[in-house]
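Coordinates in review
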Amino acid sequence: MAKSRVQFICQNCGSVHQRWAGKCDGCGEWNTLVEEGTSGGIGSGPASAKNARKGRAVVLTTLSGEIEDAPRIVSGIGELDRATGGGFVRGSALLVGGDPGIGKSTLLTQAAAALANRGHRIVYVSGEEAVAQIRLRAQRLGVADTSVELAAETNVEDILATIADGKRPDLVILDSIQTLWTDLAESAPGTVTQVRAAAQAMIRYAKSTGAAIVLVGHVTKEGQIAGPRVVEHMVDGVLYFEGEGGHHYRILRTVKNRFGPTDEIGVFEMSDKGLREVANPSELFLGERHAKSPGAAVFAGMEGTRPVLVEIQALVAPSSLGTPRRAVVGWDGARLSMVLAVLEAHCGVRFSQHDVYLNVAGGYRISEPAADLAVAAALVSSLTGLALPADCVYFGEISLSGAIRPVAHAQQRLKEAEKLGFGSAVLPLASSKGSEEITGGIGAGAFRPTELADLVARIAGSRRSRANEDE
Ligand code: TYD
Ligand code: MG
């Protein structure tokens, strides 16, 4: 019989090492290797040949055929359904990841209640909290009198035996995957081997019965417990629940979805009565604006199919440091360096004696390059002390040559800006290939520069025209 060997598995990325090391070769994280046994088949490839059984023939079938019931179960919580691509898919596994305390359990309790009210059988299994705690939360959320079935349990075999009883559940929520353990794997709960084995068992259950399952996963910075990363490839969909500590906005972001688009977001607001949907995120992110101060520009962005307007704030202050400070919240630091370099090289705007701080309002995070133009406008505005027009939106990508490049969905961005009362826009002259021509509305009178220098000249020129007005 093969001797049970020891292996060291990185708790961050799951790569297997024969020897312990301080740093994982796979992902470069420090102190994440943990010793795990390999005698079981799970997590370490097939077990010894002696235990192998003869394969059983399965029935092959066709693509067309009867599907018992609606393939999706819709919660009625619009922002959640949007992020999942139209509801939970039967027989699929969804991972909801996020920092501890961000509101995952709250969201799923509300989702469970909403689904139960629509006549679905929902089972909520918590491995982290006692039944009393969950009841307390449900009371606070005002959903205590729904038919959600509850259990505080961590053993996968026990959970499977429990839900096999009676009518098949429509949705099983497991909070969290890191607390689950199965008899089949020998490692401690929370290790990569256990997390993978437990997830595998639950996913197998979902596929074979047609129940949808939701796995909750904590994002961990330390290597103490395995992060959700290690099961991402096994599940059908991955949603991340994000938010900045001080803010009460929460964003549910689709990272992977085998049954829908991946660039959607759902926006929520955390209140004392749980999470509230925010159907129009632009109003939220623009809610606290001080229109008259320099250094603020409104970016007309896109999240999936939905336009989102958000304020970008820049502060450019004289620096006493040899190497001035560059700090970014909500955007890419490398991208900021690029925009600064283009401003210096092609527009004659110098930042070498200044600290630069950039912030995206509301704890929101932007990944689109289309924000370049709004960032450049905010930076120039802060440096010159000239406030930008309060009713203007900006979008466009900046290339290293200083040219302004077209971005997709220009018409949609402008429509959203118009809806929210904006009266002017700055956008690229060229329109992206395949997109409709911009007609009417604020697009017609928009300023459409081809070079970044044109925009800088226009902002600097506003000083002169303002001086003339004062005379
Ligand atoms: P929770 O859902 O327990 O987070 P997670 O499961 O992601 O760890 O939410 C915890 C936080 O949410 C906690 O700090 C309190 C806050 N909260 C509210 O502000 N309002 C509420 O109605 C609830 C239930 C929680
Ligand atoms: Mg929780």
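Figured I'd write up the structure that's included with this text. (Residues numbered from 1 in each chain as written. Chains lettered and ligands numbered in written order. Predicted model: local features only at pLDDT ≥ 70, side-chain atom pairs only at ≥ 80, totals over all residues. Heavy atoms only, no water.)

1. Quick word on the packing of aromatic side chains
Summed over the entire model, instances satisfying the criterion amount to one aromatic pair. Cation over ring: R413 sits above F395, and NZ or CZ is 5.3 Å from the ring centre. The ring of F447 has R458 lying over it, and the distance from NZ or CZ to the ring centre is 4.2 Å. (Phe/Tyr/Trp six-rings, centres within 6.5 Å; stacked < 30°, edge-to-face > 60°. Lys NZ or Arg CZ within 6 Å of the ring centre and 35° of its normal.)

2. Observations regarding the pairing of strand β12 (residues 249-257)
Most of β12 is tucked away: seven of the nine residues are buried. With six bridges connecting them, strand β11 (residues 237-242) and β12 associate as antiparallel partners. Residue pairing in the sheet places Y240 in a bridge with R253 of β12. Of the pairings in the sheet, the one linking β12 to strand β13 (residues 265-271) comprises five bridges and is antiparallel in character. Residue pairing in the sheet places R250 in a bridge with F268 of β13. (Buried < 20%, exposed > 50% of the residue type's maximum accessible area, 1.4 Å probe, protein only. Helix = DSSP H or I, 4+ residues; strand = E, 2+ residues; numbered from the N terminus. Pairing = 2+ DSSP bridges.)

3. Quick notes on the site of ligand 1
Residues in close proximity to ligand 1 total 16 residues, the closest being G101, K104, S105, T106 and S271. A distance of 2.9 Å separates an oxygen atom of ligand 1 from a polar atom in the side chain of R137. Between R140 and ligand 1, the recorded distance is 3.4 Å, taken from a side-chain N or O atom to a nitrogen atom. Relative to its unbound accessible area of 560 Å², ligand 1 is 74% covered by the protein chains. For the shell around ligand 1, the secondary-structure elements that each account for two or more residues are α2 (104-117), α3 (131-141) and β13. Residue composition of the shell around ligand 1, grouped by class: four nonpolar, six polar and six charged. (Near = heavy atom within 4 Å. Polar contact = N/O pair within 3.5 Å; in protein donor to acceptor, adjacent residues only side chain to side chain. Areas by Shrake-Rupley, 256 points an atom, 1.4 Å probe, with all protein chains shown as cover. Nonpolar A, V, L, I, M, F, W, Y, C, P; charged D, E, K, R; others polar.)

4. Examining the pairing of strand β9 (residues 171-175)
For β9, a buried count of five out of five residues is recorded, marking the element as mostly surrounded by other parts of the structure. Both faces of β9 are covered, namely the face carrying L171, I173 and D175 and the face carrying V172 and L174. Of the strand pairs in this sheet, strand β7 (residues 122-126) and β9 are connected by five bridges, and their pairing is parallel. Paired with V125 across the two strands is L174, which belongs to β9. For β9 and strand β10 (residues 212-218), the ladder comprises five bridges, and the chain directions are parallel. Of the residues in β10, the one forming a bridge with L174 is L215. The parallel pair β9 and β10, bridged by helix α5 (residues 192-209), forms a crossover whose chirality is right-handed. (Right-handed = clockwise from strand over helix to strand, strands pointing away.)

5. Quick word on the sheet that holds strand β17 (residues 326-329)
Read across the open sheet, the six strands follow the order β17-β18-β16-β15-β19-β22; overall the sheet is mixed. A strand with exactly one partner marks an edge of an open sheet, and here the two such strands are β17 and β22 (424-426). The sheet shows a mean angle of 25 degrees between the axes of neighbouring strands, taken without regard to direction. For strand β16 (residues 306-318) and strand β18 (residues 354-360), the ladder comprises seven bridges, and the chain directions are antiparallel. The residue of β18 that forms the bridge with A317 is D355. (Axes fitted to C-alpha atoms, helices over the stretch in contact; angles between N-to-C directions.)

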